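Summary of structural features
Listed below are the residues making up each chain.
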Amino acid sequence: MDTFDAGAGSILRQPKAVWATAGASVVAFMGIGLVDPILPSIAKGLDANASQVSLLFTSYFLITALAMLVTGFVSSRIGGRKTLLLGLAFVVVFAGLAGTSDTVGQLVGYRAGWGLGNALFVSTALAVIVGAAAGGSAAAILLYESALGLGMACGPLVGALLGDASWRYPFFGTAFLMAIGFLCIAVFLKEQPKPARRTSLLDPVRALGHGGLASAAVSAFFYNYTFFTVLAFTPFVLNMTPYKSGAVFFAWGVLLAVFSVLVAPRMQRRFGSLKVLGGSLVLLAADVLVLGYGDHTMAIVCTVLSGAFIGVNNTVYTELALGVSDAPRPVASAGYNFVRWFAAAAAPYFAPKIEEWTDIHVPFVVAAVTAVLGAVVVLVRRRALTHRAQELEPAHATEDSVAVFAD
């Protein structure tokens, strides 16, 4: 059965609690790409260089990676509703404070607090949506994936629209929208039963002892370096106004959403997950090479096109992380995310540094190499990665599928 069709009949008929959580999820994922079109404006406004401003991503995702060890620990003790509200409260406070920053150091620090709140929220939101949704887990997951894609697409656009007046406004806007999300969840979402077993801080690390899950995480680590080189470094290469940069990354996000929700599941069923992933990683490597060495128009085209490959990769990695090991899925996905988010923290820092040490082309060469390394891990470890993964239907990921969707 087609992933989209599986939930089409019931995805729109959901309780208010589900819509409140999904709406807040859109804003949460907006926060990832929100700063993309205003990075040059932030650098100018705070008298900072590209390396300093790139730390906005590094601090955000470093805290997100470390928080993967904490989110299950917290939610299994205080419950999903309280964890969502705690995460939203962190985002409201730190996004608002980010807009008041006078130095890039302050902004980086506030962005780190924002990352902790976002990690608490997004790692819990899917489980809450599945528990409260009508129409089964397939419809709930499709709704969540749609929220992810919409947020990733709209983040740069909102950042551009608000940031054209001042780089501070997107941060204030996010705080305002998240405050609305906080109120909606507080009013419409009832507390759900806590998990039967409490998650320890080390459970996600222990889950990585499984060879298949460790292989998926290592491959995703290399891939995420490529992904976030595109997301965090390309705005400096394009050097466009916030409106134009926002339009480019909006188109990028639309392709990401379409290929993640609609195209990838069809390709998986026809060719198999590992072939699709390996081929998509190689194509992404070629795309970023052309992005780095082409003219300005070609750089724009390749930036937008990379969204298609990234959307496919995100979906397939999700299926691998959910199905490759026998560990409880929330625990396995937390361990997987713990590894891969370190690359999301590293790429925004090293890409500008590599440019300073060499030239503007070399960061994209490195990004192409890491994408190929991700494909090599898939090829070399294909036997470990096929356990249950090829049998897992994209439309039937279970209600245990938690933090893995925090792309």
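Structure shown above.
Residues numbered from 1 in each chain as written. Predicted model: local features only at pLDDT ≥ 70, side-chain atom pairs only at ≥ 80, totals over all residues. Heavy atoms only, no water.

**Side note on the overall build of the chain**
Within the chain, the regular secondary structure consists of 16 helices and zero strands. Counting the 407 residues in the chain, one finds 58% classified as buried. A total of about 14,900 Å² of accessible surface is found on the chain, and carbon and sulfur atoms cover 67% of it. (Helix = DSSP H or I, 4+ residues; strand = E, 2+ residues; numbered from the N terminus. Buried < 20%, exposed > 50% of the residue type's maximum accessible area, 1.4 Å probe, protein only. Areas by Shrake-Rupley, 256 points an atom, 1.4 Å probe, with all protein chains shown as cover.)

**Observations regarding helix α6 (residues 104-132)**
The end-to-end C-alpha distance of α6 is 41 Å, a good match for the 42 Å that 29 residues give at a rise of 1.5 Å each. Where α6 bends most, at Ala-125, the angle is about 35°. (Expected span 1.5 Å × (residues − 1). Bend = angle between axes of the 7 residues up to and from the residue.)

**Some remarks on the side chain of Ser-76**
When you line up the elements, Ser-76 lands in helix α4 (residues 50-78). Among the polar contacts listed, one links the side chain of Ser-76 to the backbone oxygen of Phe-73, at a separation of 3.2 Å. (Polar contact = N/O pair within 3.5 Å; in protein donor to acceptor, adjacent residues only side chain to side chain.)

**Things to note about a nonpolar patch on the surface**
Taken together, Val-70, Leu-201, Leu-202 and Val-205 make up a surface patch of nonpolar side chains, about 300 Å² in accessible area. Counting through the fold element by element, Leu-201 comes out in the loop between α8 (169-188) and α9 (203-207). (Patch = residues over 30% accessible without salt bridge, like charges linked within 9 Å, V, L, I, M, F, W, Y side chains within 5 Å. Salt bridge = Lys/Arg side-chain N within 4 Å of Asp/Glu carboxyl O.)

**Looking at the environment of Phe-73**
Looking at the secondary structure, you find Phe-73 in helix α4. Since its relative accessible area comes to 28%, Phe-73 is described here as partly exposed. The spacing of Phe-73 and Val-331 is 258 residues in sequence and 9.9 Å in space, taken between C-alpha atoms. With residues near it in sequence (within four places) discarded, Phe-73 still touches Thr-199, Ser-200 and Leu-201. (Contact = heavy atoms within 4.5 Å.)

**Section: the packing of helix α2 (residues 16-33) against α8**
Between α2 and α8, the shortest axis-to-axis distance is 9 Å and the interhelical angle comes to 160°. Our classification of the angle between α2 and α8 gives roughly antiparallel. The chirality of how α2 crosses α8 is left-handed. Residues Lys-16, Ala-17, Ala-20, Thr-21, Ala-24, Val-27, Ala-28 and Met-30 of α2 form the contact with α8, whose own contacting residues are Thr-174, Leu-177, Met-178, Gly-181, Cys-184, Ile-185 and Phe-188. Here the contact of α2 with α8 is composed, by residue class, of 11 nonpolar, three polar and one charged. (Axes fitted to C-alpha atoms, helices over the stretch in contact; angles between N-to-C directions. Parallel < 35°, antiparallel > 145°, perpendicular 65-115°, else oblique. Left-handed = near helix turned anticlockwise from the far one by under 90°. Nonpolar A, V, L, I, M, F, W, Y, C, P; charged D, E, K, R; others polar.)

**A word on unusual backbone geometry**
A positive phi angle is found at Asp-47, which is not glycine, with a value near 55°. Here Asp-47 lies in the loop between α3 (39-45) and α4. Although it is not a glycine, Asn-239 adopts a positive phi angle of roughly 50°. With respect to the helices, strands and loops of the structure, Asn-239 is situated in the loop between α10 (211-238) and α11 (242-271).

**Regarding the pattern of salt bridges**
Under the counting rule described, the total for this entry stands at one salt bridge. A salt bridge links Arg-206 to Asp-203; its shortest N-O distance comes to 3.0 Å. With Arg-206 and Asp-203 both in helix α9 and three residues apart, the pair spans about one turn of that helix. Its relative accessible area of 53% is what places Arg-206 among the exposed residues.

**Digging into the nonpolar core**
Formed by 114 residues in total, the largest nonpolar core has its most connected members in Ile-42, Phe-61, Phe-121, Phe-171, Ile-185, Phe-228 and Trp-252. Residue contributions to this core peak at 15 residues, all from α10. Beyond its immediate chain neighbours, meaning those up to four positions away, Trp-252 contacts Met-152, Phe-227, Val-230, Leu-231, Thr-303, Val-304, Ser-306, Gly-307 and Ile-310. (Core = buried A, V, L, I, M, F, W, Y, C linked by side-chain atoms within 4.5 Å.)

Purely geometric numbers; function is a separate question.
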